[in-house]
Protein chains: 2
Amino acid sequence: MEQRNYNQYCATARTLDLVGERWTLLLIRELLTGPKRFSDLQHSLRGMGTGLLAARMKHLEREGLARKVTLPPPARTPAYALTPAGVDLEPVVMALARWGLTWAMDEPRDQENFHPGWAVLGLKACFDAEAATGLRALYEFRVEEEVFHARIDDGTIETVHGPAQHPDVIITTGRETFRDLAASRSTLDEAISSGAASAAGNRQALRRLHDLFRLPHRRTRSAAPSSAS
Amino acid sequence: MEQRNYNQYCATARTLDLVGERWTLLLIRELLTGPKRFSDLQHSLRGMGTGLLAARMKHLEREGLARKVTLPPPARTPAYALTPAGVDLEPVVMALARWGLTWAMDEPRDQENFHPGWAVLGLKACFDAEAATGLRALYEFRVEEEVFHARIDDGTIETVHGPAQHPDVIITTGRETFRDLAASRSTLDEAISSGAASAAGNRQALRRLHDLFRLPHRRTRSAAPSSAS
DNA sequence: CGGCATCCATTTTGATACTG
DNA sequence: CAGTATCAAAATGGATGCCG
């Protein structure tokens, strides 16, 4: 398996040889917020058979994009994490996310899945580095059972699954609200104003929060008739 | 066909629903340097059956990412071009290319295909906007039969298939040299010094050329053992 | 239960032949 | 040139079974 290559001496094609198969980039997406166990992945990726999941992870290991790790105490359970090469795919996933936020995130469809972790990456895709200059703060997001945090440090953002050590601000929302943030259908700011989300903690960090994530300008795809260049 | 969706309310997954299938992003790549005819695409994508090519193009049209156009005189032949939504996928293709340049472009393999158009995008992926501040110049690349040009305008670059109107500099190289540039195995500068490439034209634009493309720092993938965060 | 391997019905694909 | 039609080979997804 995995022998199907494009056979092109081209950086894009070579990359797609490695991560272009079905599910692979979504596995990378899952691992971008921290190590995950086999069953976590299985649970996030409904529709992917266990056999295929195992095969894909083996492929990612063989190619040096992911590796097996043991979660630190008290978990001590085996999990998968990204290698440096895997982490370096983040710009690819973010580029896909930004395109999707602009061109593809209309109403949620019936039966469509949703996990808060995806929304965290959606937020990250909207992160405005300019707006974060000089800011150093830890934000914790609590979405029903799930917890994430974002560490912002002067124009950089890191988003990780799990609680923060000493968060400056804690944002608490329901699933639907957070889902709408993921799709940038509403801003964090709006959600807080309307009471759908609540934020508590350091006043200064709270005030900066408003500007940290900029909505992409939503557009509609259409094949307008025209003649070429 | 094309009914296989990830069914996730996630910007990344939604984007992959549209362009994540085999060959699709490579079709986008081909169209990023200008409109192409069916047979051009067929020729660039060895291994893709004509039926699948037709199906993919129909899909891209239906989804508003590409459209049929008529090439301007004297060609007057039908072709495919990207819509604004399609053009907007460029950051995705460039992110894939940059990753590939860093992690995946080792020696060309036996039987591996190569087209100069890919190299043009490889150059674009290395473009250093900072180095181009204040520069406004047209560079034409001639690689055996193929011609491309890059229009640089103060930190922006546009790369297009075909000759330029009044190029400031004309760079002429052989296929192999240009292929090595694509892989950033050598710099344009080195190729010119060694005589593998020649550049003629406006002295000022020529001098700036050296710094416009920055090699990504090449690295090797490996699954180093470690424990998790 | 976590982490797979196996089997099989359904889709996708690759390659070629054929048509307007 | 720009596709359609056809068909064998490969990939997928789902269920099931195994083993510590």
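The name an unreviewed UniProt entry assigns to chain A is Winged helix-turn-helix transcriptional regulator, from the organism Actinomadura vinacea.

A few words on the protein's contact with DNA strand C. Around DNA strand C sit 17 residues in total, of which R4(A), F38(A), Y80(A), R22(B) and R56(B) are the nearest. Considering DNA strand C, the proportion of its atoms within 4 Å of the protein that are sugar or phosphate atoms stands at 82%. Between a phosphate oxygen of DNA strand C and a main-chain N or O atom of G47(B), the distance comes to 3.2 Å. One of the side-chain nitrogen or oxygen atoms of R56(B) is found 2.9 Å away from a phosphate oxygen of DNA strand C.

Let us look at the relation of the copies chain A and chain B. Between chain A and chain B, which share one sequence, the superposing operator has a rotation angle of 180 degrees and an axial displacement of 0.0 Å; the RMSD is 0.0 Å. On this basis, the relationship between the two copies can be described by a two-fold rotation axis. Considering only C-alpha atoms, the residue of chain A closest to the rotation axis is V92(A), which sits at 3.0 Å. The share of interface residues of chain A whose copies in chain B are also at the interface is 100%, consistent with both copies meeting through the same surface.

Taken together, 18 residues sit near DNA strand D, with R22(A), W23(A), R56(A), T50(B) and Y80(B) positioned nearest. When the atoms of DNA strand D within 4 Å of the protein are sorted by group, sugar and phosphate make up 84%. With respect to DNA strand D, the side chain of R4(B) contributes an N or O atom lying 3.3 Å from a sugar or linking oxygen. Those elements giving two or more residues to the surface near DNA strand D turn out to be α4 (50-62) of chain A together with α3 (38-44), α4 (50-62) and β2 (78-82) of chain B. Taken together, the residues that form the surface near DNA strand D break down as six nonpolar, five polar and seven charged.

So, on to the confidence of the model for chain A. With 96% of its residues at a pLDDT of at least 70, chain A reaches an overall mean of 90. Helix α9 (residues 188-193) of chain A is the least confidently modelled element of chain A, averaging 86 in pLDDT, while helix α6 (residues 90-103) of chain A averages 97, the highest of any element.

Per the counting criterion, the structure on display carries five cavities of 30 Å³ or more. Of the voids in this model, the largest cavity is the one considered here, and its volume is about 120 Å³. L16(A), G20(A), L25(A), L16(B) and G20(B) are, among the 17 residues lining the largest cavity, the residues nearest its centre. Sorting the residues of the lining of the largest cavity by element identifies α1 (11-19) and α2 (24-31) of chain A together with α1 (11-19) and α2 (24-31) of chain B as the ones contributing at least two each. The residue makeup of the lining of the largest cavity, split by class, is ten nonpolar, four polar and three charged. Each pocket or cavity is described by its volume, and for the second largest cavity that value is around 50 Å³. Of all the elements in the fold, those that place two or more residues in the lining of the second largest cavity are α1 of chain A together with α7 (116-126) of chain B. Tallying contributions element by element places α7(B) first for the lining of the second largest cavity, with four residues. Looking at the lining of the second largest cavity residue by residue, the classes come out as eight nonpolar, two polar and no charged.

Once that is clear, we can look at the pattern of salt bridges. Residues and elements named next belong to chain A. Per the counting criterion, the structure on display carries 30 salt bridges over all chains. With a closest N to O distance of 3.8 Å, E61 and K68 form a salt bridge. On the accessibility criterion, E61 (23% relative accessible area) is partly exposed. With a shortest N-O distance of 2.7 Å, R142 and E140 are connected by a salt bridge. Residue class for R142 comes out partly exposed when judged on its relative accessible area of 36%.

All names here are of chain B. Mapped onto the elements, A137 comes out in strand β3 (residues 136-143). Linking A137 and L123, residues 14 residues apart in sequence, is a C-alpha distance of 16 Å. With residues near it in sequence (within four places) discarded, A137 still touches A150, R151, I152, D168 and A205.

With that out of the way, let us pick up the domain arrangement of chain A. Residues and elements named next belong to chain A. In terms of domains, chain A is made up of domain 1 (11-88) and domain 2 (116-212). A separation of 25 Å is found between the C-alpha centroids of domain 1 and domain 2. Opposite the six residues of domain 1 that make contact, domain 2 presents five residues. Here domain 1 meets domain 2 over a buried area of about 520 Å², counting both sides, of which 62% is carbon and sulfur. The interface formed by domain 1 and domain 2 contains zero salt bridges. Where domain 1 touches domain 2, the interface holds three residue pairs in polar contact (both at pLDDT 80 or more). Grouping the constituent residues of the side of domain 1 that touches domain 2 by class yields one nonpolar, two polar and three charged.

Conventions and cut-offs
Residues numbered from 1 in each chain as written. Chains lettered and ligands numbered in written order. Predicted model: local features only at pLDDT ≥ 70, side-chain atom pairs only at ≥ 80, totals over all residues. Heavy atoms only, no water. Near = heavy atom within 4 Å. Polar contact = N/O pair within 3.5 Å; in protein donor to acceptor, adjacent residues only side chain to side chain. Least-squares fit on C-alpha atoms with pLDDT ≥ 70 in both. Contact = heavy atoms within 4.5 Å. Helix = DSSP H or I, 4+ residues; strand = E, 2+ residues; numbered from the N terminus. Nonpolar A, V, L, I, M, F, W, Y, C, P; charged D, E, K, R; others polar. pLDDT = per-residue confidence, 0-100. 1 Å grid on protein atoms, 1.4 Å probe; cavity = no way out; pocket = protein on both sides within 12 Å on 5 of 7 lines; lining within 4 Å. Points joined across faces, edges and corners; volume = space filled by probe spheres on them. Salt bridge = Lys/Arg side-chain N within 4 Å of Asp/Glu carboxyl O. Buried < 20%, exposed > 50% of the residue type's maximum accessible area, 1.4 Å probe, protein only. Domains from an automatic or database assignment. Buried area = accessible area lost by both parts, 1.4 Å probe.

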